[in-house]
Amino acid sequence: MMLTMLTMLTMLTMLTMLTMLAVVAEMERDMLVDRTQAGLARAKSDGKTLGRPTKTTAEQRADIIAKYAAGESVSALARLYEVSRANILGVVKTS
């Protein structure tokens, strides 16, 4: 009987400690998200452009749209501008 009580007490202690660790981990995760969002907001307010750099310039994108409207194929445009077909389709679909 004493062994059973001791086992139950040990299990409760371990469960309590795990719960406390989970709470601390959740708080840390929330603080990390807040710091990340604050950093992104500051970078935007400083005028920095976020994300991956574009493969084409604004002038090239305008040319791609015009040539696509004139009937040039996506594959031909991709070869001409040395980018992927997906890149060309992204330019054309956003116009």
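Note that the structure is a prediction, hence the values are computed from the model and not measured. Throughout, residues of each chain are indexed from 1 in the direction in which the sequence is written. Residue-level local features of this predicted model are given only where pLDDT is at least 70; pairs of side-chain atoms are given and counted only at 80 or more, and the full residue set underlies all totals for whole chains, interfaces and linings. To obtain the side-chain values, all non-hydrogen atoms of the structure were included, while hydrogens and water were left out.

## Concerning helix α4 (residues 85-94)
Given 3.6 residues per turn, any residue in an α-helix points the same way as the ones three and four places further on. Exposure is judged per residue with a 1.4 Å probe applied to protein chains only, and the accessible area is read against the type maximum: over 50% gives exposed, under 20% gives buried, and values in between give partly exposed. To qualify as a helix, a DSSP run of H or I must reach at least 4 residues; to qualify as a strand, a run of E must reach at least 2; elements of each kind are numbered from the N terminus. Three or more residues of α4 are buried, namely Ile88, Val91 and Val92. All buried residues of α4 lie within an arc of 95° about the axis, which places them on one face of the element. Of the residues in α4, the exposed ones pointing more than 90 degrees away from the buried face are Ala86, Lys93 and Thr94. The contact rule is simple, with two residues in contact once any of their heavy atoms fall within 4.5 Å. Tucked into the core, α4 has its buried residues touching α2 (58-69) and α3 (74-81). Think of it as the arc spanned by the lines of direction from the helix axis to the C-beta atoms.

## What to know about the side chain of Thr56
In this fold, Thr56 is placed in the loop between α1 (2-45) and α2. Among all residues touching Thr56, those that are not within four sequence positions of it are Arg61, Ile64, Val83, Asn87 and Val91.

## Overview of the pattern of salt bridges
Just to be clear on terms, a salt bridge is a Lys or Arg side-chain nitrogen sitting within 4 Å of an Asp or Glu carboxyl oxygen. Throughout the structure, instances matching the rule amount to two salt bridges. Salt-bridge contacts for Glu28 lead to Arg35; the nearest nitrogen and oxygen are separated by 3.4 Å. When its relative accessible area of 48% is taken as the criterion, Arg35 is described as partly exposed. The salt bridge partner of Asp46 is Arg42, with a shortest N-O separation of 4.0 Å. According to the relative accessible area criterion, Arg42 is exposed, its value standing at 60%.

## What about the nonpolar core?
As used in this record, nonpolar core signifies buried Ala, Val, Leu, Ile, Met, Phe, Trp, Tyr and Cys residues forming a set joined through side-chain atoms within 4.5 Å. In terms of nonpolar packing, the biggest core is built from nine residues, these being Ile64, Val74, Leu77, Ala78, Tyr81, Val83, Ile88, Val91 and Val92. At the level of elements, α3 and α4 are the ones that each hand at least two residues to this core. Broken down by element, this core gets its largest block of residues, four residues, from α3. Sequence-distant contacts of Ile88, that is, excluding residues within four places in its chain, are made with Ile64, Val74, Leu77, Ala78 and Val83.

## What about α3?
Regarding α3, the residues found buried are Val74, Leu77, Ala78 and Tyr81. Viewed along the axis of α3, the buried residues span an arc of 100°, placing them on a single side of the element. Where α3 is buried, its residues touch α2 and α4. Directly beyond the C-terminal end of α3, a positive phi value near 55° is found at Glu82.

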